[in-house]
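Listed below, chain by chain, are the residues.
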Amino acid sequence: MEKKIYNDSGIEIEQLYQQGDTDPLRENPGEFPFTRGIRPDMYRSKLWTMRQYAGFSTAAESNKRYQYLLGQGVSGLSVAFDLPTQIGYDSDHDLAEGEVGKVGVAIDSIRDMEELFAGISLEKITTSMTINATGFILLAFYVALAKQQGADLKKISGTVQNDILKEYAARGTYIYPPKPSMRIITDIFEWCGKEMPKWNTISISGYHIREAGSTAVQELAFTLANGKAYVKSAIDKGLDINKFGKRLSFFFNAHNDLFEEVAKFRAARRMWAHIMKELGADDPQAMMLRFHAQTGGSTLTAQQPVNNIARVTIQALSAVLGGTQSLHTNGYDEALGLPTEEAAAIALRTQQIIGFESGVTQTVDPLGGSYFIESLTNSVEASAWELIRRIDEMGGSVDAIEQGFIQNEIAKSAYDHQRKVETGEKIIVSVNAFESDEKDYTKIFRIDDSIRKIQTDKLSALRRERDPARCDHILQLLNDQAASGENLMPTVIEAVEAKCTLGEIADTLREVFGEYKG
């Protein structure tokens, strides 16, 4: 009897795929529904943006890493923020103790943003900021700095992640309840549409859903369902889908199953094009799914960490074969701590070798037409549509999250994966097979707790030099506008220019919106 093999999403993988297992391709790259890519020539004329996610300690220390990465050939920066910054606490807040500068850079005020990008022209780079609950405040810091530099806001490009729904479902760095959080997101859509037209106003993220333990199919379905919720919210605000739709982007995980990941990325484009068309878009640019990919952090092993270079290479290759617009490759040592400069350089070189030496960029959609890839793309899509149908029946992503459906589905998949690893049904090299007793001498990059003292001193100095009456006036205005429903972005920008801190702005809105308890 022939052995049945299933991938992690539960899709049966046949022994052989042949002509007739899938319909022939009926589209070219750059044509609706963009299964084969969003541009006719893809990487033949321009490679993806090579980003390296970085941020730690103080803004000044992170700036040194950015200068190093730019010198090594990165074409875009990607900023990691520490946990207090992500959930709206200044570094001197009691709840920030022990976390300042640990998993990202601490940004409390416009002074930190000035240090973070010292010597870097915001007009000449693109910046991705992985920030959600406080994304509007970090965007305000960035805008204020661009204005200081004399930059034309119409030329500033980059992305703010700004995806709060996946925080409720998978990650947990939320502040406000869903409805006011969605209001803030659409405020960003509206303001950027007028003032920063080249800025991507949201990066709808499947990455963290996958990191929490979902399958590839769940990552795809839950991410696109969240995307539908954001689009509907913007339409309800009166925004034009053909305009704001062009500034939406996505953020996906690139995992180890090379072919399933390629199929996922191809299916994602096709599904999103149909979703946007159904919601009223008729401009092809508004129906294109553009995405950033990052290699899978949860796949990295602390055991034999150098093996992670091979994992990251496979994952990065899947993103490129799947048609990514931007890519971050993890350092091999990130299961142990923050990446060292050596690990960050190897990660970047991995992208460069794929881009300039592998030959996979010379033709568009190189796996297109493969019986296996086309069949798998269809299977991934069909399974994802079934999940989206269930979410739609619940009333959409917000309702599905409030009912616990998405969280429970992710938890069940995470449990199933761990069970298979522990029973040996799924092999993880160096974890449950091919282990080694050799001592590992990988250097670990750690951040000490002295960073909090540095940040606290800077905050004290900032509060002494600013105009307190002006700050109080602006924060009261922000409070009033939060209650009245006005767009918050202009006042938040005014607040950061007046040297109000991130925590003060977040707390002002806590008074109006309250906090989400989960």
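Residues numbered from 1 in each chain as written. Predicted model: local features only at pLDDT ≥ 70, side-chain atom pairs only at ≥ 80, totals over all residues. Heavy atoms only, no water.

Concerning the overall build of the chain
Part 1: If you tally the helices and strands in the chain, you get 20 helices and 11 strands.
Part 2: Against the globule reference of 24 Å for 518 residues, the chain gives a C-alpha radius of gyration of 23 Å, in line with a compact fold.
Part 3: Across its three principal directions, the C-alpha atoms of the chain cover 80 × 60 × 45 Å.
Part 4: Counting across all 518 residues of the chain, residues that qualify as buried make up 56%.
Part 5: When contacts within the chain are restricted to residue pairs at least 6 apart in sequence, those whose partners lie at least 24 apart make up 79%.
Part 6: Accessible surface, the chain as shown: approximately 21200 Å² in total, 49% of it carbon and sulfur.
Part 7: Both charge centroids of the chain, one from 56 positive and one from 72 negative side chains, sit 3 Å from each other. (Helix = DSSP H or I, 4+ residues; strand = E, 2+ residues; numbered from the N terminus. Rg over C-alpha atoms; globule rule 2.2 N^0.38 Å. Buried < 20%, exposed > 50% of the residue type's maximum accessible area, 1.4 Å probe, protein only. Contact = heavy atoms within 4.5 Å. Areas by Shrake-Rupley, 256 points an atom, 1.4 Å probe, with all protein chains shown as cover. Lys, Arg positive; Asp, Glu negative; His and termini not counted. Charge placed at Lys NZ, Arg CZ, Asp CG, Glu CD.)

Examining the nonpolar core
Part 1: The biggest cluster of nonpolar side chains holds 135 residues, and the ones touching the most others in it are Phe-117, Phe-136 and Ile-505.
Part 2: With 11 residues, the top contributor of residues to this core is helix H4 (residues 135-148). (Core = buried A, V, L, I, M, F, W, Y, C linked by side-chain atoms within 4.5 Å.)

Concerning the sheet that holds strand E4 (residues 76-80)
Part 1: With respect to topology, 9 strands assemble into an open sheet ordered E7-E6-E5-E4-E3-E11-E10-E9-E8, the strand pairing being parallel. With one partner strand each, in any of the chains shown, strand E7 (199-200) and strand E8 (202-205) form the two edges of the open sheet.
Part 2: Sheet strands in contact with helix H13 (residues 341-356) are strand E3 (49-54) and strand E11 (326-328), and its direction is about 165° off that of E3. (Pairing = 2+ DSSP bridges. Axes fitted to C-alpha atoms, helices over the stretch in contact; angles between N-to-C directions.)

What to know about empty space enclosed by the protein
Rolled over the atoms, a probe with the dimensions of a water molecule shows which regions are left empty.
Part 1: For the structure shown, the criterion picks out 4 cavities of 30 Å³ or more.
Part 2: When its volume is computed, the largest cavity comes out at roughly 90 Å³.
Part 3: In this structure, the largest cavity is lined by 16 residues; those nearest its centre are Val-320, Leu-321, Gly-323, Asp-365 and Pro-366.
Part 4: Secondary structure elements with two or more residues in the lining of the largest cavity: helix H10 (258-278) and helix H12 (308-321).
Part 5: Across the lining of the largest cavity, the residue classes tally to 7 nonpolar, 5 polar and 4 charged. (1 Å grid on protein atoms, 1.4 Å probe; cavity = no way out; pocket = protein on both sides within 12 Å on 5 of 7 lines; lining within 4 Å. Points joined across faces, edges and corners; volume = space filled by probe spheres on them. Nonpolar A, V, L, I, M, F, W, Y, C, P; charged D, E, K, R; others polar.)

Details of H4
Part 1: For H4, built from 14 residues, the straight-helix expectation of 20 Å at 1.5 Å per residue is met to within 8% by its first-to-last C-alpha distance of 20 Å.
Part 2: Taking burial as the measure, the 14 residues of H4 include 12 buried ones, the bulk of the element. (Expected span 1.5 Å × (residues − 1).)

Observations concerning the side chain of Asn-487
Part 1: Tracing the backbone through its elements, the reader meets Asn-487 in the loop between helix H18 (468-484) and helix H19 (489-497).
Part 2: There is a polar contact of 3.1 Å between the side chain of Asn-487 and the backbone oxygen of Asp-187.
Part 3: There is a polar contact of 2.9 Å between the side chain of Asn-487 and the backbone nitrogen of Met-489.
Part 4: If we ignore the near neighbours within four places in the chain, the residues touching Asn-487 are Asp-187, Glu-190, Trp-191 and Gln-481. (Polar contact = N/O pair within 3.5 Å; in protein donor to acceptor, adjacent residues only side chain to side chain.)

Observations regarding the packing of aromatic side chains
Part 1: In the structure shown here, the tally under the stated rule is 19 aromatic pairs.
Part 2: Ring centres 5.6 Å apart and planes at 80° place the aromatic pair Tyr-176 and Phe-513 in the edge-to-face group. Here Phe-513 lies in helix H20 (residues 502-513) and Tyr-176 lies in the loop between helix H5 (165-171) and helix H6 (178-195), a separation of 337 residues in the sequence. This pair shows no difference in class: Tyr-176 is buried, exactly as Phe-513 is.
Part 3: For the ring pair Phe-250 and Trp-272, a centre distance of 4.8 Å and an interplane angle of 70° mean the geometry is edge-to-face. (Phe/Tyr/Trp six-rings, centres within 6.5 Å; stacked < 30°, edge-to-face > 60°.)

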